Amino acid sequence: MVTLDLFFFLSDVVIKGVTILAPLHSPNTDGIDPDSSTNVCIEDCYIESGDDLVAVKSGWDQFGTSVARPSSNIVIRRLSGTTPTCSGVGIGSEMSGGVSDVLVEDLHVRDSATAVRIKTDRGRGGYILNITIRGVAMERVRVPIRFSRGANDHPDGAYDRSALPRVSRIEISDVVGVGVEKAPVLEGLEGARFEGVCMRNVSLRGISPPAEWRCEYVAGEAVDVFPTPCEALRRGGSGCARGGGTPG
Ligand SMILES: *[C@@H]1O[C@H](CO)[C@@H](O)[C@H](O)[C@H]1NC(C)=O
Ligand SMILES: *[C@@H]1O[C@H](CO)[C@@H](O)[C@H](O)[C@H]1NC(C)=O
């Protein structure tokens, strides 16, 4: 079975027990994309795809800004699958209407490029706020956790270069990875640092030494994280104290 699910402007949706098998090397085959949608629950799904398994979005640059329909209150749990080129769960990169209050629990990603990715870009505006990701198991993943500032990908040349996204309160905890190739890459945007990042109880094995994280324009805290995280998460930032949704 090959299906492609994309939905816009929906609320109060449950997607449960769905299997999606898209060609592994075909681009733009995202599994499930809640876009400008609220109160969405995606659970017990298995997805194989050449793109993100699940991607939460809310509109692209000036179009997303003018429509201004956020995605919020999204629960994704017991999702498993593989994507050799993209991520298990992605937030963005089209997020100009804002994305908030996303809970991802029990994610299992194998033989993939990335498990968790948060992506945005200059010109997007909007926000990514209060994202909680806990209970991630991964095997044979290239970059386990990636925050990225886009590849200069815009619908046309009319985007506002001063429209910077606000990214804050991203908590990622209880992560186990084996056969991981690289340390996390956390790259925020110049002038729009990603704030309040919390990593807790994260163990990523298999990375060849020196296993250095790449971090830029990001601030937060790391507790019980292996391999040793970058300076930006070690300076005693308060990401974990203010994390959304979990005690402690
Ligand atoms: C953050 O999101 C979670 C759902 O993932 C929600 O339960 C919690 O109330 C939110 N926190 C704030 C401060 O809005
Ligand atoms: C750390 O995460 C692992 C994997 O999710 C979990 O089994 C373990 O109980 C967690 N440890 C603590 C102290 O929360």
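Okay, so let's go over this structure. Quick caveat, the model's predicted, so the values are computed rather than measured. (Residues numbered from 1 in each chain as written. Chains lettered and ligands numbered in written order. Predicted model: local features only at pLDDT ≥ 70, side-chain atom pairs only at ≥ 80, totals over all residues. Heavy atoms only, no water.)

### Things to note about the overall build of the chain
Thought 1: Each helix and strand counted, the chain has 1 helix and 15 strands in total.
Thought 2: Relative to the 2.2 N^0.38 estimate, which gives 18 Å for 248 residues, the radius of gyration of the chain is 17 Å and therefore close to what a compact globule would have.
Thought 3: In terms of its C-alpha atoms, the chain occupies a principal-axis envelope of roughly 40 × 40 × 35 Å.
Thought 4: Residues counted as buried form 54% of the 248 residues belonging to the chain.
Thought 5: For the chain, long-range pairs separated by at least 24 residues make up 80% of all intrachain contacts whose partners lie at least 6 apart in sequence.
Thought 6: Accessible surface computed for the chain: about 10200 Å², of which carbon and sulfur atoms make up 51%. (Helix = DSSP H or I, 4+ residues; strand = E, 2+ residues; numbered from the N terminus. Rg over C-alpha atoms; globule rule 2.2 N^0.38 Å. Buried < 20%, exposed > 50% of the residue type's maximum accessible area, 1.4 Å probe, protein only. Contact = heavy atoms within 4.5 Å. Areas by Shrake-Rupley, 256 points an atom, 1.4 Å probe, with all protein chains shown as cover.)

### Description of the environment of valine 54
Thought 1: Mapped onto the secondary structure, valine 54 falls in strand S6 (residues 54-56).
Thought 2: Judged by relative accessible area, valine 54 falls into the buried class, the value being 0%.
Thought 3: Sequence spacing of valine 54 and alanine 158 is 104 residues, and the spatial spacing of their C-alpha atoms is 28 Å.
Thought 4: Excluding anything up to four places from it in sequence, valine 54 contacts Ile32, Pro34, Ile42, Ile47, Ile76, Leu79, Gly88, Val89 and Gly90.

### A closer look at the site of ligand 2
Thought 1: Taken together, the residues surrounding ligand 2 are Asp174, Val176 and Asn201.
Thought 2: Here an oxygen atom of ligand 2 sits 3.3 Å away from a polar atom, N or O, in the main chain of aspartate 174.
Thought 3: Within the side chain of asparagine 201, a nitrogen or oxygen atom sits 2.3 Å from an oxygen atom of ligand 2.
Thought 4: Look at ligand 2: alone it shows 360 Å² of surface, and the protein chains cover 35% of it. (Near = heavy atom within 4 Å. Polar contact = N/O pair within 3.5 Å; in protein donor to acceptor, adjacent residues only side chain to side chain.)

### Quick word on the nonpolar core
Thought 1: Membership of the largest hydrophobic core comes to 53 residues, with the highest contact counts inside it found for Ile76, Leu79, Phe147, Ile172 and Met199.
Thought 2: Discounting residues that sit within four places of it in the chain, isoleucine 172 has contacts with Val116, Ile133, Ile145, Phe147, Cys198, Met199, Arg200 and Val202. (Core = buried A, V, L, I, M, F, W, Y, C linked by side-chain atoms within 4.5 Å.)

### Focus: the side chain of serine 49
Thought 1: By the element assignment, serine 49 lies in the loop between strand S5 (38-48) and S6.
Thought 2: In this structure serine 49 comes out as buried when scored by relative accessible area, which is 0%.

### A look at the site of ligand 1
Thought 1: Around ligand 1, a shell composed of Asp101, Val102, Leu103, Asn130 and Arg169 is seen.
Thought 2: Within the side chain of asparagine 130, an N or O atom sits 2.3 Å from an oxygen atom of ligand 1.
Thought 3: The fraction of the free accessible surface of ligand 1 (360 Å²) that becomes covered by protein chains is 51%.
Thought 4: Per-element accounting of the shell around ligand 1 gives the leading share, 3 residues, to strand S9 (residues 99-119).
Thought 5: The residue inventory of the shell around ligand 1, partitioned by class, reads 2 nonpolar, 1 polar and 2 charged. (Nonpolar A, V, L, I, M, F, W, Y, C, P; charged D, E, K, R; others polar.)

### Section: the pairing of strand S11 (residues 166-178)
Thought 1: Sheet analysis places strand S10 (residues 127-148) next to S11, joined by 11 bridges and oriented parallel. The partner of arginine 134 across the bridge, within S11, is serine 173. (Pairing = 2+ DSSP bridges.)

### Here we look at the packing of aromatic side chains
Thought 1: Under the definition given, this model contains 1 aromatic pair.
Thought 2: A ring pair is formed by phenylalanine 147 and phenylalanine 194, whose centres lie 6.1 Å apart and whose planes are at 40 degrees; its orientation type is tilted. Linking phenylalanine 147 in strand S10 with phenylalanine 194 in strand S13 (residues 194-204), this pair joins segments that are 47 residues apart in sequence. A single burial state applies to phenylalanine 147 and to phenylalanine 194, both of which are buried.
Thought 3: Sitting over the face of the ring of phenylalanine 226, arginine 205 holds its NZ or CZ atom 4.2 Å from the ring centroid. (Phe/Tyr/Trp six-rings, centres within 6.5 Å; stacked < 30°, edge-to-face > 60°. Lys NZ or Arg CZ within 6 Å of the ring centre and 35° of its normal.)

### Describing the state of the cysteines
Thought 1: Evaluated as defined, the whole model comprises 2 disulfides.
Thought 2: Paired through a disulfide, cysteine 198 and cysteine 240 show a sulfur-sulfur distance of 2.1 Å. Linking cysteine 198 and cysteine 240, the disulfide has an S-S dihedral of approximately 90 degrees and is accordingly described as right-handed. Taken together, the residues cysteine 198 in strand S13 and cysteine 240 in the segment after strand S15 (218-226) connect sequence positions 42 residues apart.
Thought 3: On the basis of relative accessible area, cysteine 198 is assigned to the buried category, the value being 1%.
Thought 4: Accessibility expressed as a relative area gives 5% for cysteine 240, which makes it buried.
Thought 5: Each sulfur of the disulfide joining cysteine 215 and cysteine 230 lies 2.0 Å from the other. Handedness of the cysteine 215-cysteine 230 disulfide follows from its S-S torsion of about -80 degrees: it is left-handed. In this pair, cysteine 215 is assigned in strand S14 (residues 214-216) and cysteine 230 in the segment after S15, connecting sequence segments 15 residues apart. (Disulfide = S-S within 2.5 Å.)

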